[in-house]
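What follows is each chain in one-letter form.
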Amino acid sequence: MNGDGTMDREALAGALEFYRQSGVDLAFDETPHDRYAESARPQPAPASAPVLARAAPPPPPARPRPAPPAANPALAADAAQIAASAAEQATGARTLDELRARLEAFEGCALKTTATRLVFEDGNRQARVVFVGEAPGAEEDREGRPFVGRAGQLLDRMLDAIGLDRTLVYICNVVPWRPPGNRTPTPQEVAACLPFIRRQVELVDPDILVCLGAPSMQMLLGVKDGILKTRGLWMPYQTTRTIPAMAMLHPAYLLRQPAQKRLAWRDLRALRRVMDGEMPEM
Ligand code: URA
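Residues numbered from 1 in each chain as written. Predicted model: local features only at pLDDT ≥ 70, side-chain atom pairs only at ≥ 80, totals over all residues. Heavy atoms only, no water.

Colleague: Which residues make up the overall build of the chain, and what are the values?
Modeller: Assigned secondary structure in the chain consists of 13 helices and six strands. For the chain, contacts bridging at least 24 residues in sequence account for 72% of all contacts bridging at least 6. Entry remark: accessible area of the chain is about 16800 Å², with carbon and sulfur atoms responsible for 56%. (Helix = DSSP H or I, 4+ residues; strand = E, 2+ residues; numbered from the N terminus. Contact = heavy atoms within 4.5 Å. Areas by Shrake-Rupley, 256 points an atom, 1.4 Å probe, with all protein chains shown as cover.)

Take a look at the structure:
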């Protein structure tokens with residue numbers, strides 16, 4: 001800190017790094033606001049109250065700000081309307097390219113406004129196995145491809161362990177836009193995207209679905225139990241036909257809990273066996 005109370009370069013860099021590590025990596029305004037101080041400030045007296053103090057000087061003219069984006073009727077509409085519009089858009093798509101174009105044009109999920117770009121897919125559209133994660137992170141948002149950050153690198157190693165790679169599988173997410181600061185997408189955001197991911201899986205038409213992590217499992221398989229209880233169990237999933245689906249531990253979780261990799265290894269081997277012709281017990 002400098003003598004005049006301002007922060008020196010090193011302290012500023014330290015504060016920024018602290019914010020980054022806490023997940024604050026997007027700026028929504030040019031200046032920070034202390035909302036606690038603002039709400040603690042005495043409120044102006046109601047118009048009818050006697051004026052006891054000299055009127056405060058008028059505030060300085062506001063600095064010109066860029067015009068806010070035009071109000072979006074879809075965002076203002078209620079969640080049910082958004083879900084209905086998403087379902088109509090998604091089911092109307094006849095190909096993956098069409099679905100992608102419809103998602104690009106879809107205004108029903110607010111995450112689109114803070115994300116850099118749509119993160120739609122990676123891998124082989126003719127794959128027998130589809131992996132569905134939760135939502136893109138910072139790296140994915142930069143590159144526009146799912147699972148390219150540290151979790152994605154671990155996913156690549158997991159695939160490699162059972163003789164697979166991205167030319168043999170298809171990878172996508174329940175939510176195709178990055179939530180700010182990698183926060184968990186809200187139920188409304190997921191609900192708005194759900195018809196699209198369902199249609200995406202339907203259009204790839206795989207033989208096996210793998211949900212990576214609890215949000216993907218809960219949304220696609222309708223399971224309310226925790227991932228540690230449900231992982232490794234085969235369940236029916238309805239696309240144009242009934243296919244076996246399994247939830248596995250998310251690679252990001254495995255990076256934090258490496259001891260749990262033994263469970264992931266068990267599930268990967270089960271996946272390999274079903275790919276090799278074993279009938280899954282559902
Ligand atoms: N985690 C996910 O769930 N999806 C990605 O694309 C990256 C990290």
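Colleague: Which residues make up empty space enclosed by the protein, and what values do they have?
Modeller: With the rule as written, the count across this model stands at one cavity of 30 Å³ or more. Volume-wise, the largest cavity comes out at about 30 Å³. Of all the elements, helix α10 (residues 214–221) adds the most residues to the lining of the largest cavity, at three residues. The residue inventory of the lining of the largest cavity, partitioned by class, reads six nonpolar, one polar and one charged. (1 Å grid on protein atoms, 1.4 Å probe; cavity = no way out; pocket = protein on both sides within 12 Å on 5 of 7 lines; lining within 4 Å. Points joined across faces, edges and corners; volume = space filled by probe spheres on them. Nonpolar A, V, L, I, M, F, W, Y, C, P; charged D, E, K, R; others polar.)

Colleague: Residue-level account of helix α4 (residues 79–91), with values.
Modeller: When the terminal C-alpha atoms of α4 are compared, their 18 Å separation across 13 residues agrees well with the 18 Å that a helix rising 1.5 Å per residue should span. Listed as buried for α4 are I82, A86 and A90. The arc enclosing the buried residues of α4, seen along the axis, measures out at 65°, which places them on a common side. α4 presents A80, E88 and T91 as exposed residues on the side facing more than 90 degrees away from its buried surface. (Expected span 1.5 Å × (residues − 1). Buried < 20%, exposed > 50% of the residue type's maximum accessible area, 1.4 Å probe, protein only. Arc of directions from axis to C-beta.)

Colleague: I'd like a rundown of the site of the ligand, residues and numbers included.
Modeller: By nearness alone, every residue bordering the ligand is listed as G133, E134, A135, P136, E140, P146, F147, N173 and H250. Between the ligand and the protein, one listed contact pairs a nitrogen atom with a backbone N or O atom of A135 at 3.1 Å. H250 is positioned such that a nitrogen or oxygen atom in its side chain is 2.8 Å from an oxygen atom of the ligand. In the complex, 91% of the free accessible area of the ligand, which totals 240 Å², lies under the protein chains. Considering only residue class, the shell around the ligand consists of four nonpolar, three polar and two charged. (Near = heavy atom within 4 Å. Polar contact = N/O pair within 3.5 Å; in protein donor to acceptor, adjacent residues only side chain to side chain.)

Colleague: Outline the pairing of strand β2 (residues 129–133), listing residues and values.
Modeller: Of all five residues in β2, five are buried, a share of seventy percent or more. Here β2 shows two buried faces, one formed by V129, F131 and G133 and the other by V130 and V132.

Colleague: Give me helix α9 (residues 187–204): which residues, what numbers.
Modeller: With 18 residues, α9 should reach 26 Å at 1.5 Å per residue; the first-to-last C-alpha distance of 25 Å fits that figure. At C193, α9 is deflected by roughly 40°, the largest bend along its length, and proline P195 occurs up to four residues later in sequence. Every buried residue of α9 is accounted for by E189, V190, A192, C193, L194, P195, F196, I197, R199, Q200, V201 and V204. Once α9 finishes, D205 follows within two positions and takes phi at roughly 55°, a positive value. (Bend = angle between axes of the 7 residues up to and from the residue.)

Colleague: So what's going on with the pattern of salt bridges? Residues and values would help.
Modeller: Tallying each qualifying case throughout the model produces 20 salt bridges. A salt bridge links E107 to K112, with the shortest nitrogen-to-oxygen separation between them at 3.5 Å. One salt bridge connects D207 with R128, and the closest N-O pair in it is separated by 3.0 Å. In this pair, D207 sits in the loop between α9 and β4 (208–212) while R128 sits in the loop between β1 (122–123) and β2, placing the two residues 79 residues apart along the sequence. The exposure class of D207 is partly exposed, given its relative accessible area of 30%. Residue classification places R128 among the partly exposed positions, given a relative accessible area of 36%. If you follow the salt bridges from partner to partner, you end up with D122, E143, R145, D156 and R166 in one network. (Salt bridge = Lys/Arg side-chain N within 4 Å of Asp/Glu carboxyl O.)

Colleague: Lay out the pairing of β4 with the relevant residues and their values.
Modeller: Counting buried residues along β4, five of its five residues qualify, which places the element largely inside the surrounding structure. Burial of β4 is two-sided: the residues I208, V210 and L212 facing one way and the residues L209 and C211 facing the other way are all buried. As defined by bridge partners, β4 adjoins strand β6 (residues 242–248) across four bridges and the pair is classed as parallel. Bridge pairing in β6 links L209 to A245. (Pairing = 2+ DSSP bridges.)

Colleague: Any chance you could break down the nonpolar core for me, citing the residues and the numbers?
Modeller: Formed by 67 residues in total, the largest nonpolar core has its most connected members in F131, V132, W177, L209, L221 and L271. Broken down by element, the residue count for this core peaks at eight residues, all from α9. Beyond its immediate stretch of four places on either side in the chain, L271 contacts V129, F131, I162, I208, V210, W234 and M246. (Core = buried A, V, L, I, M, F, W, Y, C linked by side-chain atoms within 4.5 Å.)

Colleague: Describe the packing of aromatic side chains, with residues and values.
Modeller: For the structure on display, the rule yields one aromatic pair. Geometrically, the ring pair formed by F106 and F196 is tilted, given 4.9 Å between the ring centres and 55° between the ring planes. Taken together, the positions of F106 in the loop between α5 (96–105) and α6 (111–114) and F196 in helix α9 put the pair 90 residues apart, joining distant regions of the chain. Summarising the burial analysis for this pair, F106 and F196 share the class buried. (Phe/Tyr/Trp six-rings, centres within 6.5 Å; stacked < 30°, edge-to-face > 60°.)

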